[in-house]
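# Summary of the model geometry
Here are the chains, one letter per residue:
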Amino acid sequence: MRILLIAGSFNSLTQRVLVELRDRGHTVPVEVTPDGSAIRDAVARHAPDLIVAPMLKAAVPRDVWTAHRCLIVHPGPVGDRGPSSLDRAVQEGVAEWGVTVLQAEEEMDAGDVWASVPFGVPDVGKSDLYRNELSDAAVTAVLLAVERIASGDAPQPQTGAVHARPALRQEQRAISWGDDTTETVLRILRAADSQPGVRDHLLGAEWFLHGGHPEDGLRGRPGELLATRAGAVCRATADGAVWIPELRARTGPGRPRACKLPATLALAGRLPKLPELPVPADPAPADPAPADPGPGGRTWSDIRYREHGPVGILSFAFPGGAMSTDQCRRLLDAYDAARTRPTSVLVLGGRRDFFSNGIHLNVIEAAADPAAESWANINAMNDLVEAVLTTTDRLVVSAIGGNAAAGGVMLALAADEVWCRSASVLNPHYRRMGLYGSEYWTYTLPRKVGPALAARLTEEARPVSAAAALSMGLVDRVVDRGPGDFADEITRSALHLASRGGIQPRIAAKKAEHERRESVAPLAAYREQELARMRRIFDDPSAAYHRLRRAFVRKEANAARSPDGPDAGAAGPVDC
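Parameters at a glance
Residues numbered from 1 in each chain as written. Predicted model: local features only at pLDDT ≥ 70, side-chain atom pairs only at ≥ 80, totals over all residues. Heavy atoms only, no water. Helix = DSSP H or I, 4+ residues; strand = E, 2+ residues; numbered from the N terminus. Contact = heavy atoms within 4.5 Å. Polar contact = N/O pair within 3.5 Å; in protein donor to acceptor, adjacent residues only side chain to side chain. Phe/Tyr/Trp six-rings, centres within 6.5 Å; stacked < 30°, edge-to-face > 60°. Lys NZ or Arg CZ within 6 Å of the ring centre and 35° of its normal. Salt bridge = Lys/Arg side-chain N within 4 Å of Asp/Glu carboxyl O. Buried < 20%, exposed > 50% of the residue type's maximum accessible area, 1.4 Å probe, protein only. Pairing = 2+ DSSP bridges. Axes fitted to C-alpha atoms, helices over the stretch in contact; angles between N-to-C directions.

## Overview of the environment of Ala366
Structurally, Ala366 is set in helix α10 (residues 361–366). With residues near it in sequence (within four places) discarded, Ala366 still touches Cys259 and Leu261.

## Notes on the side chain of His546
Assignment of secondary structure puts His546 in helix α19 (residues 544–553). In terms of polar contacts, His546 uses its side chain to reach the side chain of Arg549, at 2.9 Å. Leaving out residues up to four positions away in the same chain, His546 has contacts with Ile537, Phe538, Asp540 and Pro541.

## Structural notes on the packing of aromatic side chains
Geometry of an aromatic ring pair is reported as the spacing of the ring centres plus the angle between the planes. By the definition in use, this model includes 6 aromatic pairs. Ring centres of Trp243 and Trp300 lie 5.9 Å apart, and the angle between their planes is 35°; on these two criteria the pair is classed as tilted. With Trp243 in strand β14 (residues 241–244) and Trp300 in the loop between α8 (263–266) and β17 (303–308), this pair connects stretches of sequence that are 57 residues apart. The ring of Tyr545 is capped by Arg549, whose NZ or CZ atom sits 5.0 Å from the centre of that ring. The lysine or arginine in question, Lys555, covers the ring of Phe552, its NZ or CZ lying 5.6 Å from the ring centre.

## Describing the pattern of salt bridges
This structure, assessed with the given rule, holds 41 salt bridges. Arg16 serves as the salt-bridge partner of Asp136, at 3.0 Å between the closest nitrogen and oxygen. Highlighted residues: Asp136 in helix α5 (residues 126–150) and Arg16 in helix α1 (residues 12–23), separated in sequence by 120 residues. With relative accessibility at 7%, the residue Arg16 sits in the buried group. Lys510 is the salt-bridge partner of Asp416, the closest N and O atoms lying 2.6 Å from each other. In this pair, Asp416 sits in the loop between α12 (407–413) and β24 (417–421) while Lys510 sits in helix α17 (residues 503–520), placing the two residues 94 residues apart along the sequence. Taking relative accessible area as the criterion, Asp416 reaches 27% and is therefore assigned partly exposed. One network of salt bridges, with partners in common, ties together Arg16, Glu20, Arg24, Asp136 and Arg421.

## A closer look at the sheet that holds β14
The sheet built from 4 strands is open, its strands ordered β11-β14-β13-β12 with antiparallel pairing. On the outer flanks of this sheet lie β11 (213–215) and β12 (225–229), each paired with one strand and no other. Strand after strand, the sheet turns through a mean of 30° between neighbouring axes, direction not considered. As judged from the 4 bridges shared by β12 and strand β13 (residues 232–236), these two strands associate in the antiparallel manner. Pairing of Leu225 across the sheet is with Arg235, part of β13. Packed on one face of the sheet, helix α7 (residues 182–190) meets β11 and β14 and runs near 20° to β14.

Next comes the structure, spelled out in structure tokens:
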């Protein structure tokens, strides 16, 4: 079937639906369409058998949905209508939500139902929920709808109660720091974590707060800033405190949109002297980073380490999957410390949601010298990847629980084995951000998939499903588990790998092979060649990278275009 995807942006759900449909043999062009006229043009160009809109802000024109069957993916159960469905579900603390695939008609979200799939709502941010539980349910619903259409079935009219609600406004997201409990504050923050953020006053200015994590130990006057850790600020609630990782300054009309930044960086020059808390203490003081706190103790850290006998697991979770210079260096410090532990298998990753999307474009854009910060960031990423590539005394496994893109994919490929959740989408390329790329990709990618496929992946710049990645050798194992079960399955699998006979001979063979390769073509040569090309791009103010980075970070409007085109989109999946 020829299925045209139309979307307001080439976001994570659009990419997921795209790769799942293509994997099943459908021809699937994609058009990023900002308005109705662009939708008409896209339909005229592609003459589809079916139109699917995974994420669309513009209304589908009447002449399109009357002439073509058009399916709308609505992030809510049957009867739910309105543009803030998932925001409201998170803010109201519902235990179960759903995705409905509707036939487009005049009234928004009121069309006949082709499929509806429920999903549980864990205590996570909206964007994490969107990329994981909702995405899983949405793909199931879309595939079911397509199957029913192919079989000649008819949709079902909507029955039962209708809940049509307007967009959730900032007034309804407002936090009352003197009255709201930690639980309430967390629901509000998580319902707006990626977009639009929660508007608030802090240190004499207006900000949008992004993300929230609980803190059980610290206390203070409600609304007061208590401490910092890893770029986040801890703020007191009526009965506890929360960690806020990112802030975005509110800018007035006609001014460029501010960058979403690590909170302490956004507040630079305003932030009073606060205690900088280390990563939380672990019961085993020799461990390089904390284990997850047990019942009765909650605190936040973006990097954690835990051990299970011969297996060490170094997990990390950076907002949006972006890794700044500082985050790369802190993760490298934790990795170096983990290598001192007596383990035979070291797992890198293993959490739900993003693995990594590479360098931190927001921090780069906000820097006084973006070219210099780009250079510092790519070198910090390379230092981390080099550490993984040169680990020869144990096996290293990359565990990709969510999406990964650009340098984040190359970080994963530095390990001996790559394990990937079945729902993950990989973007193993840099071209859509106008970059040649680094992170030793010219060494790892051809070695993994062969030179011809490596060239195709980087030049075509298309997203790849976990199943396709397995078939081409990009990953070594696909883990068919839900996002909440991924970490436990990774732990079990790593323990099985460590207990297998022959692991020590395998480690010895790995070391010998590394030494052989270094004698033929040292890693330093790959790094030097890649960075020479990156340096020329960074130092050229007219390079496409600077324009594309600015447009991506500041959410500047771009002309409608196909993501399959030569200069489309961003480096990888966006937040939501």
